[in-house]
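Examination of the molecular architecture
What follows is each chain in one-letter form.
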Amino acid sequence: MRTFKCVAMRLLFFILALPASCQGCPEKCMCSSQTVKCQNQDLDQIPHSIPTNTTFLFITGNNISRISVESFPTRLELLTDLYLSGNGIEDVDAMVFQNLPNLVRLDLSNNNIQTFSEEALPDDNKLQVLNLSKCFHNHSRIEMYLSGVRNASLQQLTVLDLSDNDLVILPDDLFSRMISLVHLNLRNSSIVSILNGTLKVPPLQELDLRDNSIRGIPTSTLTEFSLKPNLDIYLAGNPWRCDCFIEELLTWLKNSTRVSDVQNLTCLDPERLRRQRLVQVKPSQLKCFGNMEGVLETSYVFLGLVLALIGVIFLLVLYLNRKGIKRWMYNIRDACRDHMEGYHYRYEINTDPRLANLSINSDV
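On average, residues of the chain score 86 in pLDDT, and 85% of them are at 70 or above. When the criterion is pLDDT under 50, residues 1-8 qualifies, and its contacts beyond four places in sequence or with other chains add up to 0 contacts. Here residues 11-23 is modelled with pLDDT under 50, and outside its nearest four sequence neighbours on either side it reaches 0 contacts, counting other chains as well.

This is the structure in structure tokens:
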């Protein structure tokens, strides 16, 4: 009997304690230990009842278009990893992460970010990993999209993922404040060139530029690469144009150990060098005919436009002076007619012997 009472008391205590243990977990979320997962639940905002002991927070695959200072009203001292991918986020407002002082890893991938406030993170933040892949889809506004990232306080950032974006050209001072950045992923981001000075500041150790639209690399950028002794670069999957302008790149590739996938770099054009490895191309094979043809074609087009403009101006002048031209043509016609009548008269005289003798006598 006594044993039964003890069991009953323990069961009652367990039943009473169960709601208390589940009370901190947000609705539509799963909580285990220090991890909270709110995935694919059609949420339109960040749940406000996140347990204060949370270390890993996954809020992915929902419909949250904006995150602001109200998104995290409770201070989460222990939170180090925050995953917000695939939510359709467009706006990252100021002070949104102010209550996450120990945030180390932030994943905002697969969103549609339009604005990223430079004050989203506190000045003393500890962020080390930032994932912004598949976030920027309009290269014409990329300067505005990345202005917040460029001016944000990211002194401790070591890993930045900007892959699978529509970047085309990187702002030249994008990484100027990222003094600890060592891993930069720019894979498949439609990049056509790396401008001088863009990668000068960060002490990079790994740079992924695979599957972009790079046809050549400027000499100044190659010099910057050479000044980073621990840098590994990945360049495969770019449409290299093997003409005379790539000669310095070929020399650098043959003498440098920076490019880890150098054996996978092949020419796309001209046709005679297609699929040939860059390190096997000889300087004597590099021609600039393709470029000269392009210059000549452009010159011909320009010349045609100039001639067309001159023709239009000439016709306009003729039209405006049509009356004077008509009068001038009539005068010419009359003068020619008088002159021809004189020739005709002389011809008649010369063909008639009687008139010819008369003409000779009259001359005498």
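In this section: the sheet that holds strand 2 (residues 35-37). Strand order in this open sheet of 10 strands is 1-2-3-5-7-9-10-11-12-13, and the pairing throughout is mixed. Edge strands, defined here as strands with exactly one partner in the open sheet, are strand 1 (30-32) and strand 13 (232-234). When strand polarity is set aside, the average angle formed by the axes of neighbouring strands in this sheet is 5°. Sheet topology places strand 9 (residues 129-131) next to strand 10 (residues 159-161); 3 bridges connect them, and they run parallel. The residue bridging Asn-131 from the neighbouring strand is Asp-161, located in strand 10.

A separate point is the state of the cysteines. Scanning the model with the defined rule gives 4 disulfides in all. The disulfide partner of Cys-25 is Cys-31, and the S-S distance across this bridge is 2.1 Å. Residues Cys-25 and Cys-31 are joined by a disulfide whose S-S torsion is about 90°; by sign, that bridge is right-handed. With its bonded cysteines labelled in order along the sequence, the chain shows the pairing 1-3, 2-4, 5-7, 6-8.

Judged by side-chain charge, Glu-118, Glu-119, Asp-123 and Asp-124 come together as a negatively charged surface patch. Here Glu-118 is to be found in the loop between strand 8 (115-116) and strand 9.

Of the positions making up helix 4 (residues 219-226), those classed as buried are Thr-221, Leu-222, Glu-224 and Phe-225. Across the axial projection of helix 4, the buried residues extend over an arc of 155°, all falling on one side. Those residues of helix 4 that are buried are in contact with strand 12 (206-208), strand 13 and helix 5 (247-255).

What counts, and where the lines are drawn
Residues numbered from 1 in each chain as written. Predicted model: local features only at pLDDT ≥ 70, side-chain atom pairs only at ≥ 80, totals over all residues. Heavy atoms only, no water. pLDDT = per-residue confidence, 0-100. Contact = heavy atoms within 4.5 Å. Pairing = 2+ DSSP bridges. Helix = DSSP H or I, 4+ residues; strand = E, 2+ residues; numbered from the N terminus. Axes fitted to C-alpha atoms, helices over the stretch in contact; angles between N-to-C directions. Disulfide = S-S within 2.5 Å. Patch = residues over 30% accessible without salt bridge, like charges linked within 9 Å, V, L, I, M, F, W, Y side chains within 5 Å. Areas by Shrake-Rupley, 256 points an atom, 1.4 Å probe, with all protein chains shown as cover. Salt bridge = Lys/Arg side-chain N within 4 Å of Asp/Glu carboxyl O. Lys, Arg positive; Asp, Glu negative; His and termini not counted. Charge placed at Lys NZ, Arg CZ, Asp CG, Glu CD. Buried < 20%, exposed > 50% of the residue type's maximum accessible area, 1.4 Å probe, protein only. Arc of directions from axis to C-beta.

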